[in-house]
Amino acid sequence: MAAHFTLCMMASKGKVRGASGQHPLVQNVTVTEGGTANLTCRVEYNDNTSLQWSNPAQQTLFFGDKKALRDNRIELVRASWSELTISISDVTLSDEGMYTCSLFTMPVRTAKAYLTVLGVPERPEIDGLTKPAKEGDYITLTCMTQGSKPAADLRWFRNEKEVKGAKEVNASGKTFTVRSSLQLHVDRNDDGVAYTCRVDHVALAQAPQQATEVLEVHYAPHVEIIHSPAVPQEGQYLKLECVSKGNPSPDPVMWTKDGTDLPDLDRVIVEGRELTFTSLNKTDNGTYRCDATNHLGTSSAQYVLYVYDDPTTLPPSTTPPSHPIPPDPTALLGSHVSDPTVTGSRDPNALGQHSTDHALIGGVVAVVVFVTLCLIIVLGRYLARHKGTYLTNEAKGADDAPDADTAIINAEGNHAHAEEKKEYFI
């Protein structure tokens, strides 16, 4: 009763001193759930009139520097003739609403400030992941977060690259529950890939929440054989490596020769995925096969080995000294080969190309010699046919003379100088 009388007396006092007609000034406040909100009310000119803060339920929180509501979270920050600032710590969603600052003039002046409380989304969770998944399976990953206000946004990432999911939002009181789903048709490329669901929200601007799941995909093996050197020769070192990819890893692998077990020889060594020949010879010729198996299937690869003759001159060594010198394929041009199907080797038929070139050149030379001989024969016959006696123009008309002297005398144009124009041609 005494408190009520005191408030009434202050109000009456304010009526007398409120002639200036000043209005209180406030601002809206936004705070994250669990944080602290500061509510400030100011007036520029005041003749010692009291200020008051009230909550959305119109309960007085502070009247001047006097606390009116018993709530340990509410504290006085500053109280003067021109300002009344209070704080609300450990803010909850129920604290959200319209707060009123009153200046007790006549009439009472008021200003309203809205306190917005942001609901912090919970850490997301990913469901629907099957471990391990099998290649070819269809799976749906679902990410969910609760308690956000306003509704949060969910984003998916495949490793560092964003992928699009399907979003669903449901209201639950003042907060929202958000789900996002991502459908996958998994294959071996998804094995070991990290899928991340990230929550974007205004209350998490500095540290977004996220959850990550790493896919494990089982798939059948795939096998190939890597070999060196490219052209195997007698006495050389040769290594075949069976490279198999699969999950689970297909260990161990199995080596066979021509469909049967490998020969029990000291110079043929099997170590894990590697098959090594320390010194090749012709008896090693054959088809070598590598098989790899896991619970999803079997894969195999083959290598046809043909050992070439050792060339007369070997090229400089390009391998470690502990193994026989690998050949230069060009050194085999003079050797005999007969198997064009050997993996990684030169086509043996190509080694006869030089002999073909020599035969072609010899044929061309024979044709040239034959044509030359024919020309000589034709020229000889021509010269023989035109061999005989020739007469000059001075002896024309003397064919009927009984002897040579008469013919010369009777020749045309020679009657005056018969002795000077006597000529004989054989």
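Keep in mind it's a predicted model, so treat the numbers as computed, not measured. Here the residue numbering is sequential within each chain, running from 1 through the sequence in written order. With pLDDT at 70 or above as the cut-off, local features in this predicted model cover only qualifying residues; side-chain atom pairs require 80 or more to be listed or tallied, and sums for whole chains, interfaces and linings still use all residues. The side-chain numbers reported here are obtained from all heavy atoms of the structure, hydrogens and water having been left aside.

Caption draft 1: Fine view of the overall build of the protein. Along its length, the protein carries three helices and 25 strands. A simple rule labels every residue: compare its accessible area, found with a 1.4 Å probe on the protein chains alone, to the largest value its type can have, and call it buried under 20%, exposed over 50%, or partly exposed in between. When burial is assessed residue by residue, the protein has 34% of its 426 residues classed as buried. Contact between two residues is taken to exist if any of their heavy atoms lie within 4.5 Å; hydrogens are not considered. The long-range share in the protein, meaning contacts at least 24 apart out of those at least 6 apart in sequence, stands at 60%. Accessible surface, the protein: about 25,700 Å² in total, of which carbon and sulfur atoms supply 53%. To qualify as a helix, a DSSP run of H or I must reach at least 4 residues; to qualify as a strand, a run of E must reach at least 2; elements of each kind are numbered from the N terminus. Accessibility throughout is a Shrake-Rupley quantity obtained with a 1.4 Å probe, and a residue counts as covered only by protein chains that appear here.

Caption draft 2: Examining the nonpolar core more closely. Core analysis: the biggest nonpolar cluster contains 22 residues, and Leu39, Leu51, Trp53, Ile86, Tyr99 and Leu115 have the highest contact counts within it. Those elements that place two or more of their residues in this core are strand S1 (29-32), strand S2 (37-42), strand S3 (51-54), strand S4 (60-63), strand S7 (83-88), strand S8 (97-103) and strand S9 (109-118). For Leu39, the contacting residues outside a window of four places in its chain are Val29, Trp53, Leu84, Thr85, Ile86, Ile88 and Tyr99. Ile126, Trp156, Leu182 and Ala211 belong to the second largest nonpolar core, which has 20 residues in total. Definition used in this section: a nonpolar core is a set of buried Ala, Val, Leu, Ile, Met, Phe, Trp, Tyr and Cys residues joined via side-chain atoms within 4.5 Å.

Caption draft 3: Broad picture of the state of the cysteines. Note that a disulfide, as used here, is simply two cysteine sulfur atoms within 2.5 Å. Tallying each qualifying case throughout the model produces three disulfides. The residue that forms a disulfide with Cys143 is Cys197, at a sulfur-sulfur distance of 1.9 Å. The disulfide joining Cys143 to Cys197 has a torsion of about -80° about its S-S bond and is therefore left-handed. Placement of Cys143 in strand S12 (residues 138-148) and of Cys197 in strand S17 (residues 194-200) is noted, with a sequence separation of 54 residues between them. By relative accessible area, which is 0% here, Cys197 ends up buried.

Caption draft 4: How the structure looks around the packing of aromatic side chains. Any pair of Phe, Tyr and Trp rings, taking the six-membered ring for Trp, is counted once the centres come within 6.5 Å. Such a pair is stacked with planes under 30 degrees apart, edge-to-face with planes over 60 apart, and tilted for the rest. Within the structure shown, the criterion is met by three aromatic pairs. Residues Phe63 and Phe104 carry aromatic rings whose centres are separated by 5.2 Å and whose planes lie at 55° to one another, so their mutual orientation is tilted. You can see Phe63 sitting in strand S4 and its partner Phe104 sitting in the loop between S8 and S9, a full 41 residues away along the chain. Taking the relative accessible area as the measure of exposure, Phe104 reaches 17% and is therefore buried. Ring centres of Phe277 and Tyr288 lie 5.3 Å apart, and the angle between their planes is 80°; this geometry places the pair in the edge-to-face category. Here Tyr288 lies in strand S24 (residues 286-294) and Phe277 lies in strand S23 (residues 274-277), a separation of 11 residues in the sequence.

Caption draft 5: Here's a closer look at the pattern of salt bridges. By definition, a salt bridge exists where a carboxyl oxygen of Asp or Glu is found within 4 Å of a side-chain nitrogen of Lys or Arg. Counted by the stated rule, this structure contains 18 salt bridges. In this structure, Glu96 and Lys149 form a salt bridge, with 2.6 Å as the shortest nitrogen-oxygen distance. You can see Glu96 sitting in the loop between S7 and S8 and its partner Lys149 sitting in the loop between S12 and strand S13 (153-158), a full 53 residues away along the chain. With its nearest N and O atoms 3.1 Å apart, the salt bridge here joins Asp291 to Arg289. Take Asp291: its relative accessible area is 17%, and that puts it in the buried class. Shared partners join several salt bridges into a network, and the residues in it are Arg155, Glu162, Arg198 and Asp200.

Caption draft 6: Structural view of the environment of Glu33. Tracing the chain through its elements places Glu33 in the loop between S1 and S2. Using a relative accessible area of 35% as the deciding quantity, one classes Glu33 as partly exposed. Sequence separation of Glu33 and Val120 is 87 residues, and the distance between their C-alpha atoms is 6.5 Å. The residues touching Glu33, leaving out its near neighbours within four places in the chain, are Val91, Thr92, Leu93, Val117, Leu118, Gly119 and Val120.

Caption draft 7: Region of interest: the pairing of strand S15 (residues 166-172). Strand pairing requires that DSSP identify at least two bridges connecting the strands. When S15 meets strand S16 (residues 175-185), the two strands line up antiparallel, connected through seven bridges. From the neighbouring strand, Val169 faces S16, where its bridge partner is Val178. Hairpin geometry of S15 and S16 is characterised by an intervening segment of two residues between the two adjacent antiparallel strands and by a positive phi of about 70° at Gly173.

Caption draft 8: How the structure looks around the environment of Val178. Considering the arrangement of structural elements, one finds Val178 in strand S16. A relative accessible area of 0% places Val178 in the buried class. For the pair Val178 and Ser148, spaced 30 residues apart in the sequence, the C-alpha separation amounts to 8.2 Å. In contact with Val178, not counting residues within four places along its chain, are Cys143, Met144, Thr145, Ser148, Ala151, Ala152, Leu154, Lys167, Glu168 and Val169.

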